[in-house]
Amino acid sequence: MYLNLLDNDEKIAFAELAEKMVEADGIVIGREAAAVASLKAEMGISGQESGGRSVDELAGVFKSRRSKVAALLELIGLGYSDISFHVSEESLVNSVANQMAITPDELHEMEEWVKEHVNLVRRALILMRE
């Protein structure tokens, strides 16, 4: 949704973070893999993007507030792609936000926005059912 705001280096870093995110709970379900593939397609990235960088290194790639918030919103959304935000996924997001100098209150606000967005999308899909 907001990945078009990222530059090429940020897109590659985000793809690596997304891979780490879906692997964080030790179980990669089809919905998560499909979500990562969709995000990569949106960014024009193909294949596996694991460069072996740490979460801190990847988070450090994002320089502007805009790109940091965009990346965090997308990561949180990815965390909810399997309905539950696993504690290990939440820990990864917290680490990224901390490295980006995003406060816990700001991160909480982003998570609330994502939850509201997910609920609105679900409601829209219900309305579209035939």
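The coordinates are above.
Let me begin by describing the structure that accompanies this report. Model, not experiment: these values are computed from the prediction.

### As for the overall build of the protein
Alright, step 1. Check the secondary structure of the protein and you find six helices and zero strands.
Alright, step 2. Traced from its N-terminal end to its C-terminal end, the protein shows the element sequence α-α-α-α-α-α.
Alright, step 3. On C-alpha atoms alone, the protein measures out to a radius of gyration of 14 Å, which is about the 14 Å that the 2.2 N^0.38 rule sets for 130 residues.
Alright, step 4. On the principal axes, the C-alpha backbone points of the protein span a range of 45 × 35 × 30 Å.
Alright, step 5. Each of the 130 residues in the protein was classed as buried or not, and the buried ones make up 41%.
Alright, step 6. Long-range pairs, those at least 24 residues apart, make up 82% of the contacts in the protein with a sequence separation of at least 6.
Alright, step 7. Carbon together with sulfur atoms contributes 53% to the accessible area of the protein, which is approximately 7,300 Å² in total.
Alright, step 8. Across the protein, the 13 positively charged side chains and the 23 negatively charged ones have centroids separated by 4 Å.

### Topic: the pattern of salt bridges
Alright, step 1. Summed over all chains, the structure comprises four salt bridges.
Alright, step 2. The salt bridge involving lysine 40 is made with glutamate 19; its shortest N-O contact spans 2.6 Å. On the criterion of sequence distance, the pair formed by lysine 40 in helix H2 (residues 30-43) and glutamate 19 in helix H1 (residues 8-23) is long-range, its members being 21 residues apart.
Alright, step 3. Between arginine 65 and glutamate 106 there is a salt bridge, with its nearest N and O atoms 3.2 Å apart. Remark: glutamate 106 occurs in helix H6 (residues 104-128) and arginine 65 occurs in helix H4 (residues 65-79); sequence separation between them is 41 residues.

### Regarding unusual backbone geometry
Residues apart from glycine generally show negative phi values, whereas peptide bonds are mostly found in trans.
Alright, step 1. The phi dihedral of alanine 101 falls on the positive side, at around 65 degrees, and the residue is not glycine.
Alright, step 2. Within the secondary structure layout, alanine 101 lies in the loop between helix H5 (87-99) and H6.
Alright, step 3. Using a relative accessible area of 61% as the deciding quantity, one classes alanine 101 as exposed.

### Quick word on H4
Alright, step 1. Here H4 spans 21 Å end to end across 15 residues, near enough to the 21 Å set by a 1.5 Å rise per residue.
Alright, step 2. With eleven of 15 residues buried, H4 is to be regarded as a mostly interior element.
Alright, step 3. Three or more residues of H4 are buried, namely Ser67, Lys68, Ala70, Ala71, Leu72, Leu73, Glu74, Leu75, Ile76, Leu78 and Gly79.
Alright, step 4. Summarising the contacts, the buried residues of H4 are in contact with H1, H2, H5 and H6.

### Section: H1
Alright, step 1. Between its first and last C-alpha, H1 extends 23 Å over 16 residues, near the 22 Å set by a 1.5 Å rise per residue.
Alright, step 2. Buried within H1 are the following residues: Glu10, Lys11, Ala13, Phe14, Ala15, Glu16, Leu17, Ala18, Glu19, Met21 and Val22.
Alright, step 3. Buried positions along H1 lie against H2, helix H3 (55-59), H4 and H5.
Alright, step 4. Looking at where H1 begins, the residue whose side-chain oxygen comes 3.1 Å from the main-chain nitrogen of aspartate 9 is aspartate 7.

### Some words on the nonpolar core
Alright, step 1. Counting residues in hydrophobic clusters, the biggest one holds 37 residues, and the most contacted among them are Phe14, Phe62, Leu72, Leu78, Val93, Val96 and Met100.
Alright, step 2. Elements supplying a minimum of two residues to this core: H1, H2, H3, H4, H5 and H6.
Alright, step 3. Setting aside its immediate chain neighbours within four residues, leucine 78 contacts Ala18, Met21, Val22, Glu32, Ala35, Val36 and Leu39.

Conventions used here
- Residues numbered from 1 in each chain as written.
- Predicted model: local features only at pLDDT ≥ 70, side-chain atom pairs only at ≥ 80, totals over all residues.
- Heavy atoms only, no water.
- Helix = DSSP H or I, 4+ residues; strand = E, 2+ residues; numbered from the N terminus.
- Rg over C-alpha atoms; globule rule 2.2 N^0.38 Å.
- Buried < 20%, exposed > 50% of the residue type's maximum accessible area, 1.4 Å probe, protein only.
- Contact = heavy atoms within 4.5 Å.
- Areas by Shrake-Rupley, 256 points an atom, 1.4 Å probe, with all protein chains shown as cover.
- Lys, Arg positive; Asp, Glu negative; His and termini not counted.
- Charge placed at Lys NZ, Arg CZ, Asp CG, Glu CD.
- Salt bridge = Lys/Arg side-chain N within 4 Å of Asp/Glu carboxyl O.
- Expected span 1.5 Å × (residues − 1).
- Polar contact = N/O pair within 3.5 Å; in protein donor to acceptor, adjacent residues only side chain to side chain.
- Core = buried A, V, L, I, M, F, W, Y, C linked by side-chain atoms within 4.5 Å.

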